[in-house]
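Report on the structure
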Amino acid sequence: MLTFLSAIITLVIGYFIYGRFIERFFGADNSIKTPAVRLKDGVDFIPMPRWKMFTIQFLNIAGLGPIFGAILGAMYGPIAYIWIVFGCIFMGAVHDYFSGMLSIRNDGASLPEIVGKYLGLPAKVILAIITFVLLIMVGVAFVTGPAGLLKDLTGGGLHYWLYGIFGYYLIATLLPINKIIGKIYPIFGAALLIMAFSIAGVMVYNGFNDSFHLSELSIGQLKNMHTNPTQNILYPMMFIVISCGAISGFHSTQSPMMARCMRKESYGRPVFFGAMIAEGIVAIIWATAAMNYFGNATDLNNTIVSGHNPAWVVNEICNTWLGQVGAIFAIVGVIACPITTGDTAFRSARLMIADFFKLEQKSLKSRLLVSIPLFVLGFTLSQLSFGTIWKFLGLFNQLLSMVMLWTAAMYLVEKKKNHFIISLPATFMTAICATFILVAPNKNGGFESDTLIGYSVGIIIAVLVLFWFLFVAKRVVRNSNKELTPTYITK
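Bear in mind the structure is a predicted one, so any value in this text is a computation, not a measurement. (Residues numbered from 1 in each chain as written. Predicted model: local features only at pLDDT ≥ 70, side-chain atom pairs only at ≥ 80, totals over all residues. Heavy atoms only, no water.)

When you go through the chain residue by residue, the secondary structure sums to 19 helices and 0 strands. Over its C-alpha atoms the chain spans a radius of gyration of 22 Å, differing by no more than 12% from the 23 Å that the globule rule assigns to 491 residues. With respect to the three principal axes, the spread of C-alpha positions in the chain is 90 × 55 × 45 Å. Looking at the chain as a whole, 58% of its 491 residues qualify as buried. Within the chain, residue pairs in contact and separated by at least 24 positions form 83% of the contacts whose partners lie at least 6 positions apart. Put simply, the chain shows about 19,900 Å² of open surface, and 68% of that area lies on carbon and sulfur atoms. If the 34 positive side-chain charges of the chain are averaged to one point and the 21 negative ones to another, these points end up 12 Å apart. (Helix = DSSP H or I, 4+ residues; strand = E, 2+ residues; numbered from the N terminus. Rg over C-alpha atoms; globule rule 2.2 N^0.38 Å. Buried < 20%, exposed > 50% of the residue type's maximum accessible area, 1.4 Å probe, protein only. Contact = heavy atoms within 4.5 Å. Areas by Shrake-Rupley, 256 points an atom, 1.4 Å probe, with all protein chains shown as cover. Lys, Arg positive; Asp, Glu negative; His and termini not counted. Charge placed at Lys NZ, Arg CZ, Asp CG, Glu CD.)

Here is the structure:
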């Protein structure tokens, strides 16, 4: 109980203290007119209330991420608490805040445009490819999963549900953001939070009356407790599996949507930083529930290995602890929330392509020209197995977070601010991604090699990237100083 409550309290304190520090460090300024005010177009640039943006942002970045990822991460044991809490505060929330605020400072630009500005054209092109692949994979993954569950619940054909969900996606992608997303998503976002806090309430209540015992984090549990540790390596795989609860590159693709709806820059901390902290809290709740509902992390592993998946775990916990209301929450959690994440993924892909090729999106015809090819591609990929789609999604996700962190660090260099609060996390994520590619087993999305060599090479790659960044940063500062040096003309 102490570990669980301490983790949540730490996340809340992180929002108020470190979040305030990051806001002041960035220099949020309400005197600057935001894109929502300057570029209002009635489609994508529409001012919204702060509370509505928070719930939409939370739902957009969350979906099943902090639930399924936390459940799978809990299989590694209580050590997952450390990554979720400190990763969320010092990496994920900072990553989300800077991705949103840099979009605001650049006319609501999508992520590739921001990366291109601060890291150059080659980085922009590479990032655009990574982002596009990630968004399509997310959109497709969150079509096939809910469609399969709906087929099982109703007995209908899978293809009919695929057609129905894709049809909804197309409508939600084309309509102005305040028509569907602005009206319905706050409700689903609130439902996701209520479900998590209800589960937390049951655990706390039963814990205090001694009818339920929560495992505590101890020195002896700082190890990999996964049932198959040779294929599920603690480092770096846990850091890939638990992404949405700690840091996720997908979030940086979603932040520009709310950046185009923000009236004041001061809204950035509750909307961007705050939504990520809320997601971290949800991840802590579900990691704790999964670890303790079945007994402990070992029992959770045995449950998953026996043939059950995270969706079954969610349904089992909600129905047992929350009764009929829990059954409704389970449906929202495993069907509605993935769908709402999938359609915003396709919407982000439309905005990204439009930004990249400078295509106006005010007219319906222009939006259709971009959207229809996206959905044709998406439907084609939906014929692949869910496992094939999901296998590489985690790696692409964290590669994106790595690039976004380096972009934010270069922004700080240009502003002559201490970049190490972001460049060090960027170095860490570089090591995670490089090591994953080198040592993760093939079936989990990497190239199998000697673990010790992979660890060493991964760290060396990260250090070399940091040195390259410091070299470029020094040159940027030197050029900036030259531009500021006054030129005197003598006769």
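With that out of the way, let us pick up the packing of helix H6 (residues 111–119) against helix H17 (residues 393–414). The packing of two helices is summarised by the inter-axis angle and the distance between the axes. Between H6 and H17, the shortest axis-to-axis distance is 9 Å and the interhelical angle comes to 45 degrees. One finds that H6 runs oblique with respect to H17. Crossing of H6 over H17 shows left-handed handedness. Residues Leu-111, Ile-114, Val-115, Tyr-118 and Leu-119 of H6 lie in contact with H17, whose contacting residues are Leu-400, Val-403, Met-404, Trp-406, Thr-407, Met-410, Tyr-411 and Glu-414. A class-by-class count of the residues in the contact of H6 with H17 yields 11 nonpolar, 1 polar and 1 charged. (Axes fitted to C-alpha atoms, helices over the stretch in contact; angles between N-to-C directions. Parallel < 35°, antiparallel > 145°, perpendicular 65-115°, else oblique. Left-handed = near helix turned anticlockwise from the far one by under 90°. Nonpolar A, V, L, I, M, F, W, Y, C, P; charged D, E, K, R; others polar.)

Take the packing of aromatic side chains next. One pass over the structure, following the stated rule, counts 31 aromatic pairs. Between Phe-26 and Phe-98 the ring centres are 5.5 Å apart and the planes differ by 85 degrees, which places this aromatic pair in the edge-to-face class. Here the residue Phe-26 occupies a position in helix H1 (residues 2–26), and Phe-98 occupies one in helix H5 (residues 80–105), the gap between them amounting to 72 residues. Overall, the relative accessible area of 1% leaves Phe-98 in the buried class. The interplanar angle of 80 degrees and the centroid separation of 6.1 Å between the aromatic rings of Tyr-97 and Phe-98 together place this pair among those described as edge-to-face. In this pair, the class of Tyr-97 matches that of Phe-98, namely buried. The ring centre of Phe-25 lies 5.7 Å from the NZ or CZ of Lys-417, which sits over that ring. (Phe/Tyr/Trp six-rings, centres within 6.5 Å; stacked < 30°, edge-to-face > 60°. Lys NZ or Arg CZ within 6 Å of the ring centre and 35° of its normal.)

Take the confidence of the model for the chain next. With 94% of its residues at a pLDDT of at least 70, the chain reaches an overall mean of 86. Within the model, pLDDT remains below 50 along residues 487–491, and this stretch shows 0 contacts once partners closer than five positions in the same chain are excluded. (pLDDT = per-residue confidence, 0-100.)

A separate point is the nonpolar core. Phe-98, Trp-286 and Trp-321 are the most contacted members of the largest nonpolar core, which totals 169 residues. Of all the elements, helix H14 (residues 310–356) adds the most residues to this core, at 21 residues. In contact with Trp-286, other than residues within four places in its own chain, are Pro-66, Ile-67, Ala-70, Ile-71, Met-195, Ala-196, Ile-199, Val-314, Ile-317 and Cys-318. (Core = buried A, V, L, I, M, F, W, Y, C linked by side-chain atoms within 4.5 Å.)

Time to look at empty space enclosed by the protein. What the rule picks out here adds up to 1 cavity of 30 Å³ or more. In this structure, the largest cavity occupies an estimated 80 Å³ of space. Those elements giving two or more residues to the lining of the largest cavity turn out to be H6, helix H7 (121–154), helix H11 (250–259) and H14. Partitioned by chemical class, the residues of the lining of the largest cavity number 6 nonpolar, 5 polar and 1 charged. (1 Å grid on protein atoms, 1.4 Å probe; cavity = no way out; pocket = protein on both sides within 12 Å on 5 of 7 lines; lining within 4 Å. Points joined across faces, edges and corners; volume = space filled by probe spheres on them.)

The next point concerns a nonpolar patch on the surface. There is a patch of nonpolar side chains on the surface, built from Ile-9, Val-12, Ile-13, Phe-16 and Ile-17 and spanning about 480 Å² of accessible area. Inspection of the secondary structure puts Ile-17 in helix H1. (Patch = residues over 30% accessible without salt bridge, like charges linked within 9 Å, V, L, I, M, F, W, Y side chains within 5 Å. Salt bridge = Lys/Arg side-chain N within 4 Å of Asp/Glu carboxyl O.)

This part takes up the side chain of Ser-110. Here Ser-110 is to be found in the loop between H5 and H6. When its relative accessible area of 6% is taken as the criterion, Ser-110 is described as buried. Side chain to side chain, Ser-110 and Asp-355 meet in a polar contact 2.6 Å long. Here Ser-110 is in contact with Pro-256, Arg-260, Leu-351, Met-352 and Asp-355, once residues within four sequence places are set aside. (Polar contact = N/O pair within 3.5 Å; in protein donor to acceptor, adjacent residues only side chain to side chain.)

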